[in-house]
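Listed below, chain by chain, are the residues.
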Amino acid sequence: MVVHVGGEIDMLTAPELRRAVADQTHPPPRVLVIDLRAVTFLGASGLAVLLEIHDVAVRTATSVRLVCATTVVTRPLEILGLREMFEMFTDLHAA
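A brief structural summary. (Residues numbered from 1 in each chain as written. Predicted model: local features only at pLDDT ≥ 70, side-chain atom pairs only at ≥ 80, totals over all residues. Heavy atoms only, no water.)

Here's the deal with the overall build of the protein chain
Summing up its helical and strand segments, the protein chain has three helices and four strands in all. Counting helices and strands in the order they occur from the N terminus, the protein chain gives β-α-β-α-β-α-β. Against the globule reference of 12 Å for 95 residues, the protein chain gives a C-alpha radius of gyration of 12 Å, in line with a compact fold. Viewed in the frame of its principal axes, the protein chain has a C-alpha envelope of about 30 × 30 × 25 Å. The buried share of the protein chain, reckoned over its 95 residues, is 40%. Counting only carbon and sulfur atoms, one obtains 58% of the accessible surface of the protein chain, whose full area is about 5,500 Å². (Helix = DSSP H or I, 4+ residues; strand = E, 2+ residues; numbered from the N terminus. Rg over C-alpha atoms; globule rule 2.2 N^0.38 Å. Buried < 20%, exposed > 50% of the residue type's maximum accessible area, 1.4 Å probe, protein only. Areas by Shrake-Rupley, 256 points an atom, 1.4 Å probe, with all protein chains shown as cover.)

In structure tokens, the structure reads:
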């Protein structure tokens, strides 16, 4: 399953990301790829949704793979020590 995300992920748009992933994960897929290459901002609310997705994935034995090619996504994950929680790729095909 691939979910493409773009634009700003902040307190206004994070609920949309949560819904989009929830809509695509019933039943839970074996692999969930979240394509974040078009994300221009990742705020605390967006990070919280990614953590929620990770928690659900652990419970449902789903592998979560993030596709991101810029520091817009990787930097906040690194600062908070969360990068190791996700498999990360720079292109969709590799994920």
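Some remarks on the pattern of salt bridges
With the rule as written, the count across this model stands at four salt bridges. The partner of R65 in a salt bridge is E87, with the nearest N and O atoms 3.8 Å apart. With R65 in strand β3 (residues 63-67) and E87 in strand β4 (residues 87-89), the pair connects residues that are 22 residues apart, well separated along the chain. In this structure, E78 and R83 form a salt bridge, with 2.4 Å as the shortest nitrogen-oxygen distance. (Salt bridge = Lys/Arg side-chain N within 4 Å of Asp/Glu carboxyl O.)

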